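Now for the letters of each chain:
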Amino acid sequence: MPVVKGTEKVVNPLQESALSKKGLCDYVINVASGCLHGCTFCYVPSTPVIRARKSHLEDNGVSDPQMSWGSYLLIREGVPEKLEDKLSRKRTWHETPSGKGVVLLCSGTDPYQNLEVASITRNIVKILLKYGKRVRILTRSPLWTQDVDILSNPNVIVGMSIPYLDDNLSRQIEPNSPLPSDRYKALMQGSQQGCRVYVAIAPTPPMMQVKDFVQHLEQLVEINPEVLFWEPINARGSNGKRMLAAGLEFTKSVMNKQSWVDYFVQQWGDIEQAAKQVGCLDRLHIWADQELRGFVNQQVLEYWWYRPTVEKWGADETIQNSDSRPSLCDYKQLLLPDEDSAIA
């Protein structure tokens, strides 16, 4: 499939975000539409951001914005300059307990996917730091290690998605992304050079069990991540079709809602058990999907929705005590009794 590259205009690159629900941020900046990594599981093409701009993307040569995900990248024009202008005039800053006023790069694309995008991201980070803003990087590319000089800052934390360390599996699921082993090396390098780091163990495929998570977590804690986010693959949208088209047979086992819920709950218990065994349960942060409502005890879901992470952004910031954390190592504790179930 030919790759479509180009540019597009943007009025305001700094947008308030609902990702405080996941403990990630209060603002996002996306430097482009599309992403060249081509991860088959990616949910972004199914979001309103892409669906509502279907005609715009088609006008720029993208025949099918959802199924051709990974084959187009439209870089947004003048983002650093527009951001500078915006921050120079901005007098208020939105900050929630869970989002902590953090700016995420990026929620809909990868901020370091190639050298051109990486250069834009570097300029954006410099501007955000100039105005004293907190920055979260989320990427699959080791290119960020070239910016350690500015990223090794107390107001910056860098994370990479490492759902597993199986390079062969990665070539099937995320064919154009840098190998997980290279991402691991990048985080280790950055950590050793003074960068604050975290890991998104996401999304995990259904074949991973307790023993796999134990082995994975034992390796990840060597990086000294401040937090370990986790969620499983969600294959209920166009990403499910892309995964099937890529020959990922395991997708069929999680395509309907009930099977996906069973898989989510099973793995939730497995990774909790593994984290407890490895000794990093306090750093494990669950991204509890809102689609679990009616299948999982509401009290458990609400514990995680809008929960601040254990990351510490300021010297005077207090971290929530995790003593009240629900005991989830037995995944059955998550399930609603049949008579109380709201399954539709």
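One can find the structure itself at the top, above this paragraph.
Report follows, based on the coordinates.

1. Here we look at helix 9 (residues 238-245)
Residues lying three or four places apart along an α-helix face the same way, a consequence of the helix completing one turn every 3.6 residues. Considered for burial, the residues of helix 9 that qualify are Ser238, Asn239, Gly240, Arg242 and Met243. Two residues or fewer after helix 9 comes Gly247, characterised by a positive phi angle close to 85°.

2. As for the environment of Tyr131
Mapped onto the elements of the fold, Tyr131 is located in the loop between helix 4 (115-130) and strand 7 (135-139). Its relative accessible area of 26% is what places Tyr131 among the partly exposed residues. With 47 residues separating them in the primary sequence, Tyr131 and Glu84 have C-alpha atoms 9.1 Å apart.

3. Let's talk about the sheet that holds strand 4 (residues 32-34)
Taken together, the 3 strands give an open sheet; going across it, the order is 1-5-4, and neighbouring strands pair in mixed fashion. Whereas interior strands pair on both sides, the edge strands pair on one side only; in this sheet they are strand 1 (4-8) and strand 4. Going from strand to strand, the sheet's axes swing by 20° on average, the running direction of each strand aside. Pairing analysis gives 5 bridges linking strand 1 to strand 5 (residues 72-76), with the strands arranged parallel. Across the sheet, the residue bridging to Gly6 is Leu74, located in strand 5.

4. Remarks on the pattern of salt bridges
Taken as a whole and judged by the stated rule, the model has 16 salt bridges. Between Arg89 and Asp85 there is a salt bridge; the shortest N-O distance is 2.9 Å. Here Asp85 and Arg89 lie together in helix 3 (residues 79-89), a separation of 4 residues that amounts to about one turn. For Arg89, a relative accessible area of 54% puts it in the exposed group. Where Glu174 meets Arg140, a salt bridge forms, and the shortest distance between an N and an O atom there is 2.6 Å. Of the two residues, Glu174 is situated in the loop between helix 6 (167-173) and helix 7 (180-192) and Arg140 in the loop between strand 7 and helix 5 (148-151); the sequence distance between them amounts to 34 residues. Here Glu174 and Arg140 have matching classes, each one buried. Residues joined in a network through salt bridges with shared partners are Arg122, Asp147 and Asp149.

5. Digging into the packing of helix 3 against helix 4
Between two packed helices, what matters for the description is the angle formed by their axes and the separation of those axes. The geometry of helix 3 relative to helix 4 is characterised by a closest axis approach of 9 Å and an angle of 10° between their N-to-C directions. By the angle class used here, helix 3 and helix 4 are roughly parallel. For the pair helix 3 and helix 4, the contacting residues are Val79, Pro80, Leu83, Glu84 and Leu87 in the first and Ile120, Asn123, Ile124, Ile127, Leu128 and Lys130 in the second. Split by residue class, the contact of helix 3 with helix 4 holds 8 nonpolar, 1 polar and 2 charged.

6. Some words on the nonpolar core
Judged by nonpolar contacts, the single largest core of 93 residues is most densely connected at Leu105, Trp144, Leu151 and Trp268. The leading source of residues in this core is helix 10 (residues 257-278), at 9 residues. Not counting chain neighbours up to four residues away, the residues in contact with Trp144 comprise Tyr112, Thr139, Leu151, Val158, Met160, Ala186, Leu187, Gly190 and Cys195. Membership of the second largest hydrophobic core comes to 15 residues, among which are Val28, Ala200, Ala202 and Trp313.

7. Here's the deal with the packing of aromatic side chains
Counted according to the given criterion, the structure contains 8 aromatic pairs. Joined through ring pairs, the aromatic side chains of Trp230, Trp260, Phe264 and Trp268 make up one cluster. Across the ring face of Trp305, the terminal group of Lys21 is positioned such that the distance to the ring centre comes to 4.5 Å. Directly above the ring of Trp287 sits Lys22, whose terminal nitrogen or CZ lies 4.5 Å from the centroid.

8. Some words on unusual backbone geometry
Look at the link from Leu105 to Cys106: it is a cis peptide, with omega at 0°. Among the secondary structure elements, Cys106 is positioned in the loop between strand 6 (103-105) and helix 4. In this structure, Pro203 follows Ala202 across a cis peptide bond, with omega equal to -10°. When you line up the elements, Pro203 lands in strand 9 (residues 196-204). Not every positive phi belongs to a glycine, and Lys100 is a case in point at roughly 55°. With respect to the element layout, Lys100 can be found in the loop between helix 3 and strand 6. We note that Tyr306 has phi near 60°; this positive angle belongs to a residue other than glycine.

Cut-offs and rules
Residues numbered from 1 in each chain as written. Predicted model: local features only at pLDDT ≥ 70, side-chain atom pairs only at ≥ 80, totals over all residues. Heavy atoms only, no water. Buried < 20%, exposed > 50% of the residue type's maximum accessible area, 1.4 Å probe, protein only. Helix = DSSP H or I, 4+ residues; strand = E, 2+ residues; numbered from the N terminus. Pairing = 2+ DSSP bridges. Axes fitted to C-alpha atoms, helices over the stretch in contact; angles between N-to-C directions. Salt bridge = Lys/Arg side-chain N within 4 Å of Asp/Glu carboxyl O. Parallel < 35°, antiparallel > 145°, perpendicular 65-115°, else oblique. Contact = heavy atoms within 4.5 Å. Nonpolar A, V, L, I, M, F, W, Y, C, P; charged D, E, K, R; others polar. Core = buried A, V, L, I, M, F, W, Y, C linked by side-chain atoms within 4.5 Å. Phe/Tyr/Trp six-rings, centres within 6.5 Å; stacked < 30°, edge-to-face > 60°. Lys NZ or Arg CZ within 6 Å of the ring centre and 35° of its normal.

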